[in-house]
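# Results of the structural survey
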There are 2 protein chains.
Amino acid sequence: MSLAANSHRAHNFSAGPGALPLEVLEQVQAELLDYQGTGVSVMEMSHRSAPFEEILNTAVADLRELMGLDEEWEVLFLQGGASHQFANIPMAFLNQGTAQYVVTGAWGEKAVESARIVSDVHGGRIDIAWTGKLEGFKTVPKREELGINEFVRYAHITPNETIQGVEFHHELDCRAPLIADMSSNILSRPMDLTQYSMIYAGAQKNMGPAGVTLVLIKKDLLKRTGDSLPPMFDYRVHAKNGSLYNTPPTFAIYVCGKVFQWLKGIGGLPEMERRNRRKAGRLYKVIDESNGFYKGHADRLSRSLMNVTFTLPSEELTKVFLAEAKAHGLMELKGHRSLGGCRASIYNAVPESSVEVLAAFMVSFASRHHA
Amino acid sequence: MSLAANSHRAHNFSAGPGALPLEVLEQVQAELLDYQGTGVSVMEMSHRSAPFEEILNTAVADLRELMGLDEEWEVLFLQGGASHQFANIPMAFLNQGTAQYVVTGAWGEKAVESARIVSDVHGGRIDIAWTGKLEGFKTVPKREELGINEFVRYAHITPNETIQGVEFHHELDCRAPLIADMSSNILSRPMDLTQYSMIYAGAQKNMGPAGVTLVLIKKDLLKRTGDSLPPMFDYRVHAKNGSLYNTPPTFAIYVCGKVFQWLKGIGGLPEMERRNRRKAGRLYKVIDESNGFYKGHADRLSRSLMNVTFTLPSEELTKVFLAEAKAHGLMELKGHRSLGGCRASIYNAVPESSVEVLAAFMVSFASRHHA
C-alpha cells in the first residue's frame, strides 16, 4: 500500500508556490529515502555525484526539447527567485547605458525599482517604455503602441503578470536584446523564442518547488556582460560551470526534472496549451455569462491563461464567496492584498477537474446571491 | 506498510549536500502528498498561508532555543548559499572602509575573492589578517597570533573549512563586528556567540537540503548597512519581512525545521557535541594508531570535528581504498579535487554506526596493505 492512499488532495489555486502534478509528487515520495538504489535521498547527494549529474543533465535536455532551445541558449538553474534577477540583470548588462522596461503589473514595477537602484550606483539609465499603471494594469500595450529603441542595452518585459492577471498574447517589435520574466507562464504553451535574449522564471508556479530559478540566456547576450562582477552574479561563470559553480538547489532541480518528464508524457507544450486554454476559457465564460456579478480585472484581449482575476459586487460577498469556496475544498482564491477581489491561479498542474469544480461553484454562488 | 521498508540506506560521508536524519526523511515522506490534512504538499503551499507561516515560525523558534539566540539576533532564511553571502556582505557592510579576513582554507579564499571585486567597484579595502595558505591550510591562528583592528567595518572568519578539515576550537580576540561562515559546523556543538555579529550557513551540511541559507544577524550590525542596495541584498528588508520579502525556499525551510526538531529530541547541542566528538575521535584514533599509514591533513589542535581529511601512502592505494570502501557501502570518501586524498564528512546526521563501520574498514585496510 502506498502512503498516497491515505491522502486527500485539495483543489489548489495558489498563486505560488502552486500545485504540482500528483504523479510527480508520488514519484518523489517513493524515492525519498533511496533514489534508484543509491541508498540516499536526492537531498543527501553530492551535487558532483554521478546520479545528481544525470538528474541535472536530463532536466536540461528535457527542457531543451520541450521549449525547442538550441545550443545558442545556455540553460541555468540558479537561486534567488525572479527578485534576485531584478538586480542581477542590470548589474550584468546595463554597463552604464540605457535599458527600457515595459511595465504591465506589479512584478514589472519591482524589476524597475531594483534596476534603478543599480543604475544609481553603477551609472546608466532605466527608462519606462510603457506602463499600464494609470489604468490600473488592465492591459498590455499593442504592438504598434510600443517603441523600443534598438540601441538600448536591453528591454525588459513581464509576459504574464501574476497579481493583475494580465498576459501578452502577441510578439513585440523589439530589435534590442529582450529579457523576459516568465515566472508565471513559462511552459504554459509553445512560444516563439526568436525575439528573446534571456528568459528567467522562478520555479514555484509552473515547474517545481520554490528555491530554484530557471535562467535561459543566449550566448550573444552573455558576451555583453560587464566587468567586475562577483562570480555569483556573473552568468558566464554559471554557464561555464553548468550550474555547478556553487551548490545548486539539488532537490528542487530534481522535482523540476520530474515535472519536465510529466510535461513530455502528456504531449508537451501543445497539449499543455490546449488544457490551459480549456481551463481559462471555462472560468472566463462563467465571468462573462454572470450578468455582471463577476467582473474580470483584465481587458479581454490581455486576459491571462494562468491567473484569472475577478471581483464580486461587494467586499462582503467576496468574504462569503471565499469562505464557502474553502468549505468546498477550493483553496487560495483570495486576490493579492494589493488588488483585493479574487484570483484563481490555474497553472499547468491544476487539473481540469479542479477548474470544473470551481466553475460549477461560481455559477451556483452567483445564482444564489445575484440581486 | 511504509515505503521505508523497501529502502536500503548507504553510509553517506558526502561533504555536502550531506546525510539527513532518517527520522526526518521518513516524516517528510509521510507528509509529502498531504501536509497535516491540508490536502497539499508543503511544496505546493503559498508562503503566506497559515500552515507555512507556522512551519517558518516554529523553525525560527526552535533554532533560537537550540542556539540560545536572544532578540538581538535576527534569524533569516535566504537563498544563494554561502557563495552569495561572500558578495552580499561587503556590498552591505564595507561602506568604503576596511574589512579584515582570516583565511584558513579554500572557502575563506573564495570569500576574499568576491569581497575584493566588490571593493574594486564600490570602494573600500579588503585586508588579509592571517592566512594559512603558505603552509597548505593545516592550522588556524592562535589567539595571540591574530590582530584584528577594532576599527575595521568587520572581520570575517570561516570557523570550519570543509575541504581542508581545519576548525577553530578557541575564540578570537576581536572587538570589530565578527562575521562567520559556519556552513559546515553550525549546530554541531554549543558555541559562545557573544563574539559574533553575523553568522551564515548554507543548509546542506548540518541543517537540510541545498537551496536555503541561514543568516543570523545582530540588530547592531544591521544598523550599519550602507545605502543604495537593491532590496534583495538588503538584510534589513529581509529582517523587516521575516524572510518573506520574496518567495523563500519553502520546502527546504520545512526540512530544516524537522532537523531542528530532531536536534531538540536527541537532547540539543550538548548531546550533539558528545556524539560528534565520539565520531571524530574514533576516526582520528584510527589515523593516529596506523603507524603512519594514514596521515591526517590538519594539525592536531586544528582538527575538524566535521571533516576528517587524511592521505594514504600512495595515490594507487588511495584508489584501491576508495573502491573497496564503496563496495562496503561507504560512500563519498574521496577528498576534494583540489587537495586529493580522502575525506570523511561526519556531519550531525551521520550516525555513529556508520562511523564505526568506516573505522573498522580503515583498520582492516591498513592491516592488509601496510608495508
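Residues numbered from 1 in each chain as written. Chains lettered and ligands numbered in written order. Predicted model: local features only at pLDDT ≥ 70, side-chain atom pairs only at ≥ 80, totals over all residues.

## Regarding the overall build of chain A
Counting its secondary structure elements, chain A contains ten helices and 14 strands. Over its C-alpha trace chain A gives a radius of gyration of 21 Å, about what one expects of a compact globule, namely 21 Å for 371 residues. Each principal axis of the C-alpha atoms in chain A carries an extent, and together these give about 65 × 55 × 30 Å. Here chain A holds 371 residues, and 56% of them are scored as buried. Here the contacts in chain A between residues at least 6 apart in sequence split such that 71% fall between residues at least 24 apart. (Helix = DSSP H or I, 4+ residues; strand = E, 2+ residues; numbered from the N terminus. Rg over C-alpha atoms; globule rule 2.2 N^0.38 Å. Buried ≥ 20, exposed ≤ 12 C-beta atoms within 10 Å, placed from the backbone. Contact = placed C-beta atoms within 7 Å.)

## Notes on the interface of chain A and chain B
Every contact between the two is made by 65 residues of chain A and, on the other side, 65 residues of chain B. Taken together, the elements giving at least two residues each to the side of chain A that touches chain B come down to α1 (22-30), α3 (81-93), α4 (106-122) and α7 (250-266) of chain A.

## Side note on helix α2 (residues 50-67) of chain A
Every α-helix winds through 3.6 residues per turn, so residues three or four apart in the chain are directed the same way. All names here are of chain A. The first and last C-alpha atoms of α2 sit 26 Å apart over 18 residues, in line with the 26 Å expected at 1.5 Å per residue. Every buried residue of α2 is accounted for by F52, I55, L56, A59, V60, L63 and M67. Buried residues of α2, seen end-on, are gathered within an arc of 125° and therefore sit on one face of the element. In α2, those exposed residues whose orientation departs by more than 90 degrees from the buried face are A50, E54 and N57. Among the structural elements, β2 (73-78) and α7 are those in contact with the buried residues of α2. (Expected span 1.5 Å × (residues − 1). Arc of directions from axis to C-beta.)

## A word on the sheet that holds strand β14 (residues 342-345) of chain B
All names here are of chain B. In space, the three strands of this open sheet follow the order β11-β12-β14, with antiparallel pairing throughout. The sheet is open, and its two borders are formed by β11 (295-296) and β14, each paired with just one other strand. Strand direction decides the pairing type here: strand β12 (residues 307-311) and β14, joined by four bridges, are antiparallel. Counted as the bridge partner of V308 is A344 from β14. Against the sheet, helix α8 (residues 268-288) engages β11, β12 and β14, with an angle of about 10° to β12. (Pairing = 2+ DSSP bridges. Axes fitted to C-alpha atoms, helices over the stretch in contact; angles between N-to-C directions.)

## Observations regarding the environment of L78(A)
All names here are of chain A. One can find L78 in strand β2. Between the C-alpha atoms of L78 and V215, which are 137 residues apart in sequence, the distance is 7.1 Å. In contact with L78, not counting residues within four places along its chain, are T213, V215 and H238.

## Overview of the nonpolar core
Judged by nonpolar contacts, the single largest core of 230 residues is most densely connected at A155(A), C256(A), A155(B) and C256(B). Not counting the four nearest positions on each side in its chain, C256(A) is found in contact with A59(A), A203(A), M207(A), G208(A) and V212(A). (Core = buried A, V, L, I, M, F, W, Y, C linked by C-beta atoms within 7 Å.)

## Examining the packing of α1(A) against α7(A)
Residue and element names in this part refer to chain A. The interhelical angle for the contact between α1 and α7, taken along N-to-C directions, is 135°, at an axis separation of 9 Å. Regarding the angle of α1 to α7, the classification is oblique. Note that α1 runs across α7; the crossing there is right-handed. On α7, the residues that touch E23, V24, Q27 and V28 of α1 are V255, K258, V259 and W262. In the contact of α1 with α7, the residues fall into five nonpolar, one polar and two charged. (Parallel < 35°, antiparallel > 145°, perpendicular 65-115°, else oblique. Left-handed = near helix turned anticlockwise from the far one by under 90°. Nonpolar A, V, L, I, M, F, W, Y, C, P; charged D, E, K, R; others polar.)

## Concerning α3(A)
Residues and elements named next belong to chain A. Over its 13 residues, α3 extends 18 Å from the first C-alpha to the last, a length consistent with the 18 Å expected when each residue adds 1.5 Å. Where α3 bends most, at A87, the angle is about 30°, and the proline P90 comes one to four residues later. A positive backbone phi angle near 45° is found at N95, which sits one or two residues after α3. (Bend = angle between axes of the 7 residues up to and from the residue.)

## Concerning the relation of the copies chain A and chain B
For these two chains of identical sequence, chain A goes onto chain B by a turn of 180° and a shift of 0.0 Å along the axis, with RMSD 0.0 Å. What the superposition gives is, in effect, a two-fold axis relating one chain to the other. (Least-squares fit on C-alpha atoms with pLDDT ≥ 70 in both.)

## Some points on the domain arrangement of chain A
All names here are of chain A. Entries for chain A in the domain assignment read domain 1 (30-264) and domain 2 (269-369). The C-alpha-based centres of domain 1 and domain 2 are spaced at 28 Å. At the interface, 22 residues of domain 1 touch 23 residues of domain 2. Its residues assigned to classes, the side of domain 1 that touches domain 2 shows eight nonpolar, ten polar and four charged. (Domains from an automatic or database assignment.)

## What about the environment of G211(B)?
With respect to the helices, strands and loops of the structure, G211(B) is situated in the loop between β9 (196-202) and β10 (213-218). Assessed through the 31 C-beta atoms surrounding it within 10 Å, G211(B) is described here as buried. With 130 residues separating them along the chain, G211(B) and G81(B) place their C-alpha atoms 6.6 Å apart. The contact partners of G211(B), leaving out residues within four places of it in the chain, are Q79(A), G211(A), V212(A), P249(A), F251(A), A252(A), Q79(B), P249(B) and A252(B).

## So, the pairing of strand β5 (residues 154-157) of chain A
Residue and element names in this part refer to chain A. Burial of β5 is two-sided: the residues Y154 and H156 facing one way and the residues A155 and I157 facing the other way are all buried. Here three bridges tie strand β3 (residues 98-103) to β5, and the two strands are oriented parallel to one another. Along β5, the bridge assignment pairs A99 with Y154.

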